[in-house]
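# Observations on chain architecture
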Amino acid sequence: MVKIEAFAVEQVLDCPQWMDKYETIAKYNTAETCCASLSVDDLRELSEDKDSNPLARLQSAKLTYGAIRGSDELRGTLANLYSVKTPTPLPKDNILITAGAIQANFMLLYTLVGPGDHVICHYPTYQQLYSVPTSLGAEVSLWKTDASNGWQLDLKELEKLIRPNTKLIIINNPQNPTGAIVPHSTLEELVDLAREKSITLFADEVYRPLFHNITPMDKEFPPSLLSLGYERTVVTGSVSKAYSLAGLRVGWIASRDPSIIEACASARDYTTISVGQIDDAVASYALAPTCIHNLLRRNIDLARKNLALLETFIESHRWACEWVKPRAGTTAFVRFTKMGKPVDDVAFCEMLLDRTGVMFVPGSACFGGGEEFPGYVRIGYVPETEVLEQGLEALKAFMEDGYEDVPVKKKKT
Ligand SMILES: Cc1ncc(COP(=O)(O)O)c(C=O)c1O
């Protein structure tokens, strides 16, 4: 109870609340962080195994709790995905299925972090990753990135943040909200440093493998942190973002260190007995070799096409906005200004929604506790292309006849 209350107090106006308040009334939802969602029928269309229907298989199955840690099929499929291009394959028992990455993250932090620990967290990022450790009694240092250097992590900065009691370093790769990636060479250096100091590394990789602006041929293409050979590494992921299946609520924790998985599994006994059989079966179908490639192709193509539309908008509105073009994931962090001064992003998002039905997420309120990232808005640019196209048309019209009413951000006195 205390832990949950402390977490709630941390929040000024967090994204879940913003999303919850406006998502259902938005005409153009360009705040969403998932690639345009799919139905089971859509999945079957994409699959090479059209004849089998994951739901039909369950029609006559008894609806027991199912496999407590997740089905062998799903964990096996994930283990194979994490074993590509690694010298040692990942055993399926090193994976625990959870209700989305949000539960995976919570479970992991609840298991690993407590009072007296120090945690370092990539920033800006999903608030859960730094607010939960704080609420659990840990001291959290933010490892800040900024637009001036392309939202890149600086290892020298990290060295300054590490303390004798640093227990965990958290990164989010690809990064929400900026769409930046942590490149291969930085991941290697991070692993070396963590190994030297025996610090556990945790990567929230929920936007993997939606890399649309860097190719696997590029030497900086980021592998999963799990593939870099450091045992004290744990990653989380889910089918929500890159795989368009948020409604399944299927995520996972994967680690090279079996003791982390065991500890999370025993903590999970108090919260979730198992993930539903139906969710597990549909996720297994989507991630199977017969479907995953077409599914990712669809989403990477969609992300590329939509990002080009957004880029055209940004280029023709340079007088009012700037960005670091995303390399992966589904979100762009765009800064809106008037005569060089950042706009009040909350007022901007509310006016835009009210007058046009276009929904964005205000950056200062949802990512910087009200103070940092003034003028920034997060744009979720991978809905159906028509939604983005129409939303950008409406935004263009607003820039012509409504933007002048948007106030600039007042400095706090
Ligand atoms: C970085 C990050 N991690 C985790 C999540 C939770 O995703 P889910 O629980 O749908 O897998 C989100 C959702 O926005 C996110 O952006």
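It should be emphasised that the depicted structure is a prediction, and the values quoted were computed from it without experimental measurement. (Residues numbered from 1 in each chain as written. Predicted model: local features only at pLDDT ≥ 70, side-chain atom pairs only at ≥ 80, totals over all residues. Heavy atoms only, no water.)

## Some details on the environment of Arg355
Put simply, the test is: Each helix is a run of H or I in the DSSP string that is no shorter than four residues. Each strand is a run of E no shorter than two, and both are numbered from the N terminus. Note on contacts: a residue pair qualifies if any of its non-hydrogen atoms lie within 4.5 Å across the two residues. In the analysis that follows, any N or O atom pair within 3.5 Å is treated as a polar contact, provided that within protein one partner can donate a hydrogen and the other can accept it, and provided that, for residues neighboring in sequence, both atoms belong to side chains.
Along the chain, Arg355 turns up in helix H13 (residues 345-356). Measuring from C-alpha to C-alpha, the distance between Arg355 and Leu395 comes to 9.8 Å, with 40 residues separating the pair along the chain. Setting aside residues no more than four positions away along its own chain, Arg355 makes contact with Phe398, Gly402 and Asp405. In this structure the side chain of Arg355 is engaged in a polar contact, spanning 3.0 Å, whose partner is the side chain of Asp405.

## So, the site of the ligand
Note the following rule: A cutoff of 4 Å decides nearness: a residue is near a molecule or strand if any of its heavy atoms lies inside that distance of it. Here the open area of atoms and residues is found with the Shrake-Rupley method and a 1.4 Å probe, where only the protein chains shown may cover a residue. Three classes are used, and their members are as follows: Ala, Val, Leu, Ile, Met, Phe, Trp, Tyr, Cys and Pro are nonpolar, Asp, Glu, Lys and Arg are charged, and the others, Gly among them, are polar.
The ligand sits among 15 residues. The nearest are Ala101, Asp204, Ser238, Ser240 and Lys241. A distance of 3.0 Å separates an oxygen atom of the ligand from a polar atom in the backbone of Ile102. When the ligand sits alone it has 400 Å² of accessible area, and the protein chains cover 93% of it. For the shell around the ligand, the leading source of residues is helix H6 (residues 100-112), giving four residues. Grouping the amino acids of the shell around the ligand by side-chain chemistry returns five nonpolar, seven polar and three charged.

## Details of the pairing of strand S14 (residues 376-380)
Applied cut-off: Three labels apply to residues, based on accessible area from a 1.4 Å probe with only protein chains included: buried if under 20% of the type maximum, exposed if over 50%, partly exposed otherwise in between. Two strands form a pair only when DSSP identifies at least two bridges running between them.
The buried count for S14 comes to five of five residues, which makes it a mostly enclosed element. Burial along S14 is two-sided: Tyr376, Arg378 and Gly380 facing one way and Val377 and Ile379 facing the other are all buried. Here strand S10 (residues 331-338) pairs with S14 via five bridges, running antiparallel. Among the inter-strand pairings, Val334 is bridged to a residue of S14, identified as Val377. Pairing of strand S13 (residues 361-362) with S14 involves two bridges; the strand directions are antiparallel. When the sheet's bridge partners are listed, Val361 is paired in S14 with Arg378.

## Let's talk about the sheet that holds strand S4 (residues 139-144)
Defined as follows: Between N-to-C directions, angles cover 0 to 180 degrees, with each direction set by a line fitted to C-alpha atoms, over the stretch in contact for helices.
Taking strand neighbours across the sheet as the criterion, the seven strands line up as S2-S8-S7-S6-S5-S3-S4 in an open arrangement whose pairing is mixed. At either end of the open sheet lies a strand with only one pairing partner, and these are strand S2 (95-98) and S4. Here the average twist between neighbouring strands, direction ignored, is 20 degrees. As paired strands, strand S5 (residues 166-172) and strand S6 (residues 200-204) are joined by five bridges and run parallel to one another. Bridge pairing in S6 links Ile171 to Ala203. Lying on the sheet, helix H5 (residues 72-83) is in contact with S2, strand S7 (233-238) and strand S8 (251-255); it crosses S2 at an angle near 120 degrees.

## Section: the pattern of salt bridges
Counted only if it meets this: Take a side-chain nitrogen of Lys or Arg and a carboxyl oxygen of Asp or Glu: if they are within 4 Å of each other, that pair is a salt bridge.
Per the counting criterion, the structure on display carries 17 salt bridges. The partner of Arg75 in a salt bridge is Asp93, with the nearest N and O atoms 3.3 Å apart. Placement of Arg75 in helix H5 and of Asp93 in the loop between H5 and S2 is noted, with a sequence separation of 18 residues between them. Owing to a relative accessible area of 7%, Arg75 belongs among the buried residues under this scheme. One salt bridge connects Arg335 with Glu322, and the closest N-O pair in it is separated by 2.7 Å.

## A closer look at the environment of Thr236
Residue position: Thr236 is located in strand S7. Separated by 154 residues in the primary sequence, Thr236 and Tyr82 place their C-alpha atoms 12 Å from one another. Other than its neighbours up to four places away in sequence, Thr236 contacts Ala104, Asn105, Leu108, Phe202, Ala203, Asp204, Glu205, Val206, Trp252 and Ile253.

## Re the pairing of S2
Burial along S2 is two-sided: the residues Ile95 and Ile97 and Leu96 and Thr98 are all buried. One ladder, built from four bridges, connects S2 with S8; its direction is antiparallel. Opposite Ile97, over in S8, you have Trp252 as the bridge partner.

## Overview of the packing of aromatic side chains
Here is the rule: Classification of ring pairs uses Phe, Tyr and Trp, with its six-membered ring standing for Trp, and accepts pairs whose centres are within 6.5 Å; under 30 degrees between planes counts as stacked, over 60 as edge-to-face, and the remaining range as tilted. Charge over a ring is defined by NZ of Lys or CZ of Arg lying within 6 Å of the ring centre and within 35 degrees of the ring normal.
In this structure the tally under the stated criterion is 16 aromatic pairs. Consider the rings of Phe333 and Phe367, whose centres lie 5.7 Å apart with planes at 80 degrees: the pair is edge-to-face. Taken together, the positions of Phe333 in strand S10 and Phe367 in helix H14 (residues 363-367) put the pair 34 residues apart, joining distant regions of the chain. Since its relative accessible area comes to 1%, Phe333 is described here as buried. With relative accessibility at 1%, the residue Phe367 sits in the buried group. An aromatic cluster is defined as three or more aromatic residues linked by ring pairs; in this entry it consists of Tyr123, Tyr130, Trp151, Phe333, Phe367, Phe373 and Tyr376. One cation-aromatic arrangement involves Lys338 over Tyr403; the distance from NZ or CZ to the ring centre is 5.6 Å.

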